[in-house]
Amino acid sequence: MVRKLALFCLVVIAFVLSPFAVFAEEGGEAHYPLKLPEKQSWSFSGPFGTYDLQQLQRGLKVYKEICSTCHSLKYVSFRDLKALGYSDEQIKAFAKTYDIQDGPNSEGEMFVRKGLPTDYFPSPFPNVEAAKFANNGANPSDLSLMAKARSVSLPFPAFIADIFTNYNEAGPDYITALLTGYSDAPEGTEVAENNWYNPYFNSGNALAMPPPLSDGMVAYNDGTEETTENYARDVSAFLMWTADPHMETRKKTGFRVILFLIVFAGLTYAVKRRIWNELD
């Protein structure tokens, strides 16, 4: 009986630890990412976290001026930007800076028009093949859900603590680390042609995207220091919003539900005590 129980415990431990074996080396073969992203401090962390609208606006500016040359936001419409504090007139003006392909018209031909608030962020490329041709064979990912789709879980037992602290910001942590993590490859490390070494990349030791950010690339209007680190954090926060725009509402609703359940449980217990006291 004791041997069976010990064997069962070993199986459970192996099952729990198996997803995190990627951070070790087996047979001399490296697994990715080579470095774990560091946890960042985000305004939207925790059960009562909220988005910093100024940071989101800066992140939108970084996306438009830098990221949008390669990456799309096909699930985000211009009118969604109202949640970032923009007025209807500002959104209309912003949408007009984009050219949108529409049609067919009455003659059966496609045409290009200025963007409307109801339009979605367009792709910078007409099709996948054009995107690959312009990027050395790599198709730039859509960024709409990137902050939820890309994340790196910490090894056991750190992920247990994340469950109890309601930590859901591994995606922005990963994006920030990736954007700021470019470096020279260590001696003896092979990097494919037209690739750039980045130890935080979760699919290899290098990626086809060159370092997109550098100090002074984007002008901020609120006095925030124009550094690579700030650009990376701001656009990561913005991409967290595009992936989870209803986060604040969800957290508020969840808190109210939990509060209601606590009160309801107390009332139920009080009624139960009263009923059984009368029966006694």
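For clarity, every value in this text was computed on a predicted model and none was experimentally measured. (Residues numbered from 1 in each chain as written. Predicted model: local features only at pLDDT ≥ 70, side-chain atom pairs only at ≥ 80, totals over all residues. Heavy atoms only, no water.)

## Focus on the side chain of Ser144
One can find Ser144 in the loop between helix H4 (128–134) and helix H5 (146–149). By relative accessible area, Ser144 is classed as buried at 0%. Side-chain polar atoms of Ser144 contact the side chain of Asp142, separated by 2.7 Å. Ignoring anything within four residues of it in the chain, the contact list for Ser144 reads Ser72, Leu73, Lys74, Tyr75, Val76, Leu239, Thr242 and Ala243. (Helix = DSSP H or I, 4+ residues; strand = E, 2+ residues; numbered from the N terminus. Buried < 20%, exposed > 50% of the residue type's maximum accessible area, 1.4 Å probe, protein only. Polar contact = N/O pair within 3.5 Å; in protein donor to acceptor, adjacent residues only side chain to side chain. Contact = heavy atoms within 4.5 Å.)

## Considerations on the packing of helix H7 (residues 170–180) against helix H8 (residues 228–243)
It is the contact of H7 with H8, at a shortest axis distance of 9 Å, that shows an interaxial angle of 145 degrees. Here H7 runs over H8; the crossing is right-handed. Of the residues in H8, those touching H7 at Pro172, Ile175, Thr176, Leu179 and Thr180 are Thr228, Glu229, Ala232, Arg233, Val235, Ser236, Leu239 and Met240. A class-by-class count of the residues in the contact of H7 with H8 yields seven nonpolar, four polar and two charged. (Axes fitted to C-alpha atoms, helices over the stretch in contact; angles between N-to-C directions. Left-handed = near helix turned anticlockwise from the far one by under 90°. Nonpolar A, V, L, I, M, F, W, Y, C, P; charged D, E, K, R; others polar.)

## Examining the pattern of salt bridges
A full pass over the atoms with the stated rule returns 10 salt bridges. The salt bridge partner of Glu65 is Lys61, with a shortest N-O separation of 3.1 Å. Within this pair, Glu65 and its partner Lys61 are both found in helix H2 (residues 53–65), separated by four residues, close to a single helical turn. On the accessibility criterion, Lys61 (26% relative accessible area) is partly exposed. When the shortest N-O distance is used, the salt bridge between Asp244 and Arg250 registers 2.4 Å. (Salt bridge = Lys/Arg side-chain N within 4 Å of Asp/Glu carboxyl O.)

## Comments concerning the layout of surface pockets
Looking at the largest pocket, its volume works out to about 720 Å³. What lines the largest pocket is a set of 30 residues, and nearest its centre among them are His71, Pro140, Ser141, Leu207 and Met209. Breaking the lining of the largest pocket down by element, the ones donating at least two residues are H7 and H8. Here the lining of the largest pocket gets four residues from one element, more than from any other, and that element is H7. A per-class count over the lining of the largest pocket returns 22 nonpolar, seven polar and one charged. The volume enclosed by the second largest pocket comes to roughly 400 Å³. For the second largest pocket, the lining is made up of 17 residues, of which Gln57, Leu60, Lys61, Tyr86 and Asn221 are closest to its centre. For the lining of the second largest pocket, the elements supplying multiple residues, two or more each, are H2 and helix H3 (88–95). Grouping the constituent residues of the lining of the second largest pocket by class yields seven nonpolar, five polar and five charged. (1 Å grid on protein atoms, 1.4 Å probe; cavity = no way out; pocket = protein on both sides within 12 Å on 5 of 7 lines; lining within 4 Å. Points joined across faces, edges and corners; volume = space filled by probe spheres on them.)

## Comments concerning the state of the cysteines
Within this structure, the stated rule accounts for zero disulfides. Take Cys67: it sits in no disulfide, and the sulfur closest to it among the cysteines is that of Cys70, at 8.9 Å. (Disulfide = S-S within 2.5 Å.)

## With respect to the UniProt feature "transmembrane region" (unreviewed entry) in the protein chain
Under the UniProt annotation, the feature "transmembrane region" (unreviewed entry) is placed at residues 253–271. Helix makes up 100% of residues 253–271 and strand 0%, and the two end C-alpha atoms of the span are 27 Å apart. (UniProt positions renumbered as here; feature names shortened; annotations may be inferred.)

## A closer look at a nonpolar patch on the surface
The grouping of Phe48, Phe255, Leu259, Val263 and Leu267 at the surface amounts to a nonpolar patch, some 530 Å² of accessible area in total. Structurally, Leu259 is set in helix H9 (residues 247–279). (Patch = residues over 30% accessible without salt bridge, like charges linked within 9 Å, V, L, I, M, F, W, Y side chains within 5 Å. Areas by Shrake-Rupley, 256 points an atom, 1.4 Å probe, with all protein chains shown as cover.)

## Concerning the packing of aromatic side chains
Tallied over the entire structure, the rule returns 14 aromatic pairs. Aromatic pair Phe78 and Phe94: ring centres 5.9 Å apart, planes at 70 degrees, arrangement edge-to-face. A residue pair is termed long-range when its members are at least 10 positions apart, and Phe78 in the loop between H2 and H3 and Phe94 in helix H3 qualify at 16 residues. Note on Phe94: relative accessible area 17%, which makes it buried. When the centroid spacing of 5.7 Å and the interplanar angle of 55 degrees are considered together, the rings of Phe94 and Tyr98 count as tilted. As far as burial versus exposure is concerned, Phe94 and Tyr98 are alike and both buried. Taken together through their ring pairs, the aromatic side chains of Tyr63, Phe78, Phe94, Tyr98, Phe121, Phe238 and Trp241 make up a single cluster. (Phe/Tyr/Trp six-rings, centres within 6.5 Å; stacked < 30°, edge-to-face > 60°.)

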